[in-house]
Amino acid sequence: MDHPENAADYKGLTVNSGIEQPPVINPYLTKLRRKPLPSVGEIVEGILKGNVTMLSRAVTLVESVNPDHYAKAQEVIEKCLPHSGHSRRIGITGVPGAGKSTSIDAFGLHVLKDGGKLAVLAVDPSSERTNGSILGDKTRMEKLSTHPGAFIRPSPSAGSLGGVARKTRETVVLCEAAGYNNIFIETVGVGQSETAVHSMVDFFLLIQLAGTGDELQGIKRGIMEMADGIVINKADGDNLQRAQLAQAQFRSALHLFPPTASGWKPEVLTYSGYYEIGIPEVWDMVNRYFDFVTDNGYFTRRRRQQAKYWMRETIDEKLRSHFYHNPEISTLLKSLETEVLENRQSSFTAANSVLDSYFSNFK
């Protein structure tokens, strides 16, 4: 390149050509090859032996969107299914900032004192814009994350309702097959997603806060009706009196609700996850619930209802996937979307046209 600085008018100034730039790509990178995925038999054998590495790889297969991985994951799940179902599944939800992760850290350590193993499935909300997730729940579970009997798996919600769906359900099966007899599922937050959580757990715990204004203002009737236990966190120091007042308000509110299907009367307790105050009392409530529903047969009935629910959910998902991946439907959808946008056809008429075209192939 010709530089004007090298002209005679600029005596004493010269521009060197410089050195040749090194390649951008590391020349040794080709030698680093990722290990091939183990076979289905090796994964299942590792899971049944409690191998955490194999369990993690299996969960990654379940979460993968690769069609080849999906087929392999389903085969692994089918072989693990006979070894599952022997755990306590507990859903934990609450408003953002209620201290769910900190509480799980305290609850988990208390559970592991009696032996056994604990799996924590922490669902992290994904960004609507970038689809990215921080996956930082383990940073709030400092003690539990280093415990040899605990397995913590943060997963992105990936746009699904509340971040809990079929993949979380299948991950529960894998964890149970690996010998984890306690499963915690932490949800994104209070909202419609709790319906999905409720359909895969045995006990539903709602964490609330006191001293944030009108405690009953944030209560959603649907969440309250699903909760098997309500706990008021951060009941310590100057906040203790406010927590006790909130406890009384929640107890009064529960009297207005109809009886639960299990016959269990939800309890309201106070505790402090950070200072680990009242943790044994909370877990004693959970133990009494399991004894109660086991004695009256509700535990078995509920597990059967959940199995039927997830069978139908899987059918819905398969139908939706088959519909949108149909080449003829994709072409027709683009055409009708244009007509809808140009107001030549209503949304409802266009939808019916697409569905009629789809179902005509099965007549």
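Just so you know, these numbers come straight off a predicted model, no measurement behind them. (Residues numbered from 1 in each chain as written. Predicted model: local features only at pLDDT ≥ 70, side-chain atom pairs only at ≥ 80, totals over all residues. Heavy atoms only, no water.)

1. Some words on the packing of aromatic side chains
One pair of aromatic rings is described through two measures. These are the centre distance and the angle between the planes.
Working step 1: In total, this model carries 14 aromatic pairs according to the counting rule given.
Working step 2: Relative to Tyr 289, the ring of Phe 203 has its centre 5.0 Å away and its plane inclined at 70°; by these criteria the two rings are edge-to-face. Pair noted here: Phe 203 is in strand S5 (residues 203-209) and Tyr 289 is in helix H9 (residues 279-295), with a separation of 86 residues, a long-range link. In terms of burial, Phe 203 and Tyr 289 fall into one category: buried.
Working step 3: Here the aromatic residues Phe 203, Trp 264, Tyr 289, Phe 290, Phe 292 and Phe 299 are joined through ring pairs into a cluster of three or more.
Working step 4: Here Lys 117 stacks its cationic end above the ring of Tyr 180, 4.3 Å away from the centre of that ring. (Phe/Tyr/Trp six-rings, centres within 6.5 Å; stacked < 30°, edge-to-face > 60°. Helix = DSSP H or I, 4+ residues; strand = E, 2+ residues; numbered from the N terminus. Buried < 20%, exposed > 50% of the residue type's maximum accessible area, 1.4 Å probe, protein only. Lys NZ or Arg CZ within 6 Å of the ring centre and 35° of its normal.)

2. Concerning the nonpolar core
Working step 1: In terms of nonpolar packing, the biggest core is built from 47 residues, with Ile 47, Val 76, Leu 174 and Ile 230 touching the most fellow members.
Working step 2: Beyond its immediate stretch of four places on either side in the chain, Ile 230 contacts Leu 206, Gln 208, Met 224, Phe 250, Leu 254, Glu 267, Val 268 and Leu 269. (Core = buried A, V, L, I, M, F, W, Y, C linked by side-chain atoms within 4.5 Å. Contact = heavy atoms within 4.5 Å.)

3. Side note on the environment of Ala 243
Working step 1: You can see Ala 243 is positioned in helix H8 (residues 240-254).
Working step 2: Classification of Ala 243 as buried rests on a relative accessible area of 0%.
Working step 3: For the pair formed by Ala 243 and Thr 270, sequence separation is 27 residues and the distance between their alpha carbons is 6.7 Å.
Working step 4: Discounting residues that sit within four places of it in the chain, Ala 243 has contacts with Ala 210, Ile 232, Ala 235 and Thr 270.

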